[in-house]
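# Per-entry structural report
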Number of protein chains: 2
Amino acid sequence: MLSIEQLKHLFPDWETGLYEAVLEHAELKEAYAGEILLKKGQNIKSAMLVVEGTIKLYQEDEDGGEYFMYHLNPGEACAVTLVCNYHHEQSQVLAKAITDIKFLAIPVTYMEKWLNEFKSWHYFVIKTYRSRYEELLKTIHEVAFKNMDERLEFYIKKQVDQFGVTVKLTHQEIANDLNTSREVISRLLKKMEHNGWIKMNRNAFDWIKKQN
Amino acid sequence: MLSIEQLKHLFPDWETGLYEAVLEHAELKEAYAGEILLKKGQNIKSAMLVVEGTIKLYQEDEDGGEYFMYHLNPGEACAVTLVCNYHHEQSQVLAKAITDIKFLAIPVTYMEKWLNEFKSWHYFVIKTYRSRYEELLKTIHEVAFKNMDERLEFYIKKQVDQFGVTVKLTHQEIANDLNTSREVISRLLKKMEHNGWIKMNRNAFDWIKKQN
DNA sequence: ATTAAATTGTGATATTTATCACACCACCCA
DNA sequence: TGGGTGGTGTGATAAATATCACAATTTAAT
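Residues numbered from 1 in each chain as written. Chains lettered and ligands numbered in written order. Predicted model: local features only at pLDDT ≥ 70, side-chain atom pairs only at ≥ 80, totals over all residues. Heavy atoms only, no water.

## Looking at the overall build of chain A
Our working rule: Secondary structure elements follow DSSP: runs of H or I no shorter than four residues count as helices, runs of E no shorter than two count as strands, and numbering proceeds from the N terminus. Radius of gyration here is computed from C-alpha atoms only, and the compact-globule reference equals 2.2 Å multiplied by the residue count raised to the power 0.38. When accessible area is computed with a 1.4 Å probe and restricted to protein chains, residues below 20% of their type maximum are described as buried, those above 50% as exposed, and intermediate ones as partly exposed. Any two residues whose heavy atoms approach within 4.5 Å at even a single point are treated as in contact.
Secondary structure assignment for chain A yields seven helices and 10 strands. The C-alpha radius of gyration computed for chain A amounts to 19 Å, which stays within 12% of the reference 17 Å derived for 212 residues, consistent with globular compactness. Structurally, chain A occupies a C-alpha span of about 55 × 35 × 30 Å along its principal axes. Looking at chain A as a whole, 51% of its 212 residues are labelled buried. Within chain A, residue pairs in contact and separated by at least 24 positions form 71% of the contacts whose partners lie at least 6 positions apart.

Pasting the structure below:
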């Protein structure tokens, strides 16, 4: 299990009692890069708080499509699984580990109990919802108003914020995340290369566009 | 102002003290159908709780585009304006009254105070975020995966749930809400008419598609 | 080293949506 | 009663994206 110091570092705004409750009742789980942690329609039995690594959240279509929404990093929680006061909730999203990860799984029963006991848990839940709500708004803005070239740029910038200027993704992976086809991404990346925005390599490229 | 009975009817899960606090510190405001209540980039100075009428929430583009996300009805709150713990927040959305409305405006300072004082306020905020978060997920699902014909059907169904089977909107208004052009909507509605899904009138049409 | 698999490049074509142009119709109202 | 005005219908065309086909290249595997 984690030490209380590690918890404090990840979740600095919590009360002492909450750290203790988490240590007592949450399970520390692990998953490998590439594992699917949650699928659309799956029942939610525990909340996920990221301890180590990165999770990607997707909207998932009935027939195989995916649309990338946002990353979850250590100290953040998956809003979808914070089903306080709701029972038998089904997941509306797809969650994938994209690095090896560790996360805390908190059974739904405690999530509700803690709402009554810990003010800092209450704040944490609200903060989580608010920040994810804002991410979704950005996603809608992109997909509703922008053409693929701009959406690709937005997508790459999110990658760069997460992992640095070298984007280690194949064209196919990017196409999947944006729910388009590999050819479209290849052609758009080629155009970006011509414009001097990226420097291409195999299985990766560098984002070198100057801002402004 | 409202009576405490009216408040109880709108917000049945609140504590007595919260009703009193709202009566004391919230302002009851009115607006006419068509008025814009909140614009993208505008500073948020108070939360909006709907008392009467219906508000439409949009994602707003820099150059005039709109994308309809969801309706807010009496007893519901605008998640964007519930900026507990956040200061100087700017609105990411556009909110329009589409009927004459009444709403309670709660200054940000009290929203934060009440988080400490009233458990039911805390729950209300979380519930609001959760339900709006789910609406946004549905919106992303439509716009990311569906073609315009399916998005139009989804849109019409939301209208029907709100106002009944007679949809009193011009093709232009629908086109604006879906960020497309009037011609596209006209042609798709014509197709729906041929399929026997709708019965067209001037400035309105009836949704008569049988489910399944 | 040679084959197999994965990745990328690119033309051709189809589909979807956007845009332009203009006709027609219903309704209001001076 | 005869224009306006706003709403709708529809063809032609352009632009964006999807799909298909296949070549070329790099990496991985035996």
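From this point, the narrative continues.
## Thoughts on the protein's contact with DNA strand D
Put simply, the rule is: Each residue is tested against the molecule or strand, and it is near if at least one of its non-hydrogen atoms lies within 4 Å. Whenever two N or O atoms come within 3.5 Å, that pair is a polar contact, provided that in protein one can donate a hydrogen and the other can accept it, and provided that, for residues adjacent in sequence, both atoms are side-chain atoms. Three classes are used: nonpolar for Ala, Val, Leu, Ile, Met, Phe, Trp, Tyr, Cys and Pro, charged for Asp, Glu, Lys and Arg, and polar for all others, with Gly counted as polar.
Surveying the vicinity of DNA strand D reveals 17 residues, the closest of which are Met148, Thr180 and Glu183 of chain A together with Arg182 and Arg202 of chain B. Sugar plus phosphate, as a fraction of atoms of DNA strand D within 4 Å of the protein: 49%. Within the side chain of glutamate 183 of chain A, one N or O atom sits 2.8 Å away from a base nitrogen of DNA strand D. Side-chain polar atom of arginine 202 of chain B to a base nitrogen of DNA strand D: 2.7 Å apart, as the coordinates give it. Counting residues per element, the surface near DNA strand D draws most heavily on helix H7 (residues 182-194) of chain B, at four residues. Partitioning the surface near DNA strand D into residue classes produces two nonpolar, seven polar and eight charged.

## Brief notes about the domain arrangement of chain A
All names here are of chain A. Basically, it comes down to this: An automatic or database domain assignment is the source of the domain bounds shown. Two parts placed together each lose some accessible area; with a 1.4 Å probe, that loss summed over both constitutes the buried area. A pairing counts as a salt bridge when a side-chain nitrogen of Lys or Arg comes within 4 Å of a carboxyl oxygen of Asp or Glu.
Per the domain assignment, the segments making up chain A are domain 1 (4-144) and domain 2 (146-207). Here the C-alpha centroids of domain 1 and domain 2 sit 27 Å apart. Counting each side, the surface lost to burial between domain 1 and domain 2 is near 1,300 Å², with a carbon and sulfur contribution of 50%. For domain 1, the biggest contributors to the area lost against domain 2 are Tyr67, Phe68 and Glu142; these three give 42% of the whole. Remark: the boundary between domain 1 and domain 2 carries one salt bridge.

## Side note on the interface of chain A and chain B
Frequently, the measure chosen for interface size is the accessible area removed from exposure when the parts meet. Counting residues at the interface gives 43 residues for chain A, matched by 43 residues for chain B. Roughly 3,900 Å² is buried in total at the junction of chain A and chain B, and carbon and sulfur atoms are behind 65% of that figure. The largest share of the area that chain A buries against chain B comes from Arg130, Tyr133 and Phe145 of chain A, three residues that together contribute 20% of it. On inspection of chain A and its partner chain B, the count reaches four salt bridges. At the boundary of chain A with chain B, the tally comes to 17 residue pairs in polar contact (both at pLDDT 80 or more). Among the elements of the structure, strand E4 (55-60), strand E5 (66-72), helix H3 (108-117) and helix H4 (119-145) of chain A are those that each provide at least two residues to the side of chain A that touches chain B. Per-element tally for the side of chain A that touches chain B: the top contributor is H4 of chain A, with 19 residues.

## With respect to the side chain of serine 46 of chain B
Structurally, serine 46 of chain B is set in strand E3 (residues 46-52). Among all residues touching serine 46 of chain B, those that are not within four sequence positions of it are Thr81, Ala105, Ile106, Pro107 and Val108 of chain B.

## Re the pattern of salt bridges
Under the criterion given, the structure shown has 26 salt bridges over all chains. With its nearest N and O atoms 2.6 Å apart, the salt bridge here joins aspartate 177 of chain A to lysine 56 of chain A. Here aspartate 177 of chain A is found in helix H6 (residues 171-177), whereas its partner lysine 56 of chain A is found in strand E4, with 121 residues between them in sequence. Across the pair, lysine 56 of chain A and aspartate 177 of chain A agree in class, each one buried. The network of salt bridges with shared partners includes Glu89 of chain A together with Arg130 and Glu134 of chain B.

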